[in-house]
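Remarks on the overall topology
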Amino acid sequence: MTSLVNFTIQNEQIGIMTLNRPEQANSLSAAMLEEINQLIQEIKHDESIRCLLLTGAGSNVFCAGADLKERRLMREEAKAAVLSIQQTFTEIESLPVPVIAVMNGHALGGGLELALACDIRIARAGARLGLPETGLAIIPGAGGTQRLPRLVGLGKAKELIFTGASLQAEEAIQLGLIEHLSIADSLMNDAISLAKQIAKNGPIALKEAKRAIQMSLDHDLRTGLIKEYESYVRLIDTEDRMEGLQAFQEKRTPQYRGN
């Protein structure tokens, strides 16, 4: 039986999770969500992984969001289905390591919401991104109404959600909706290159940096600064910090072990 989500390791430290339903536009069926959640739990406990890339199979669609054929027959079950997707995306956002959405194609609806739950987004040139849910008489229900305004600002997020309009990746980068743009042939190589830049740094520091940044969204500046200080203090006695100082002194590349 073909796996709905593939997982590989690159350079011993970079995980690559690939949504594997290209014939169904990598849409999120209940079975796929179950596989994603199982993988998330494994990644959480794998100290060797320092960065995660999340992409889709094929060359046209990153993820089409919820499997509408599956959901078409639902009514009461639809409430549980959208909550399941929302919770899965929150689990991805909560992963301790940096997560990069490698958007190999169009990302509409839940597909864009999935990318919004990642830390960094790199998209293929020409890909279309948007939240068209109001055109289906619903709203983005997997975090889009919450994460999009934090990324592009309140007014632009309202415009995109109210109109249901989609943008090309070339427009999206101007808004800050994505951080990087790449042509199809070099997309994964560019993403891996970015992941390598991240993975070479102190793994405990990366986790604490992500934790501190995430907390900035939930607290006022004063509280956020306290949380930042607490994160910094947790790094003081680590072996990695001492290795970083020693390597700097000796003018060599540090070898971080996550201790």
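Numbering of residues begins from 1 in every chain and follows the order in which that chain's sequence is written. Thresholds applied to this predicted model are a pLDDT of at least 70 for local features of residues and 80 or more for the giving and counting of side-chain atom pairs; totals over whole chains, interfaces and linings are not thresholded and use all residues. Based on all heavy atoms of the structure, the side-chain values leave hydrogens and waters out of the count.

1. Focus on the packing of helix α5 (residues 144-152) against helix α6 (residues 154-163)
For every element, the axis is a line fit to its C-alpha atoms; helices are fit only across the contacting stretch, and the angle between N-to-C directions ranges from 0 to 180 degrees. The numbering of helices and of strands both runs from the N terminus, where a helix is a DSSP run of H or I of at least 4 residues and a strand a run of E of at least 2. At a minimum axis separation of 7 Å, α5 and α6 run at an interaxial angle of 135°. Viewed along their axes, α5 and α6 adopt a mutual orientation that is oblique. The two elements α5 and α6 cross, and the hand of that crossing is right-handed. Side by side, α5 and α6 meet where Gly 144, Thr 145, Leu 148, Pro 149 and Val 152 of the first sit next to Leu 154, Lys 156, Ala 157, Leu 160 and Ile 161 of the second. Per-class residue counts for the contact of α5 with α6 are seven nonpolar, two polar and one charged. An angle counts as roughly parallel when it lies under 35 degrees, as roughly antiparallel when it exceeds 145, as roughly perpendicular when it falls between 65 and 115, and as oblique in every other case. By the definition used in this description, the sense in which the near helix is turned from the far one sets the handedness, with an anticlockwise turn below a right angle giving left-handed and a clockwise turn giving right-handed. Contacts are residue-level and defined by heavy atoms, with any inter-residue pair within 4.5 Å sufficient. Throughout, the ten residues Ala, Val, Leu, Ile, Met, Phe, Trp, Tyr, Cys and Pro are labelled nonpolar, Asp, Glu, Lys and Arg are labelled charged, and all others, Gly among them, are labelled polar.

2. Side note on empty space enclosed by the protein
The definitions used throughout rest on a 1 Å grid laid over the protein atoms alone, on which a cavity is an enclosed set of points accommodating a 1.4 Å probe that cannot get out and a pocket is an open set flanked by protein within 12 Å on both sides along at least five of seven lines; lining residues are those having an atom within 4 Å of a point. Grid points are joined across faces, edges and corners, and a volume is the space filled by probe spheres set on the points. Overall, the coordinates contain two cavities of 30 Å³ or more when judged by the stated rule. Looking at the largest cavity, its volume works out to about 40 Å³. Around the largest cavity sit Leu 112, Leu 129, Gly 130, Leu 131, Leu 148, Leu 160, Ala 165, Leu 167 and Leu 177, which together line it. The class makeup of the residues in the lining of the largest cavity is eight nonpolar, one polar and no charged. Each pocket or cavity is described by its volume, and for the second largest cavity that value is around 30 Å³. Around the second largest cavity, the lining residues are Ile 43, Lys 44, Asp 46, Glu 47, Ile 49, Pro 96, Val 97 and Lys 207.

These results come straight from atomic positions and should not be treated as a statement about function.
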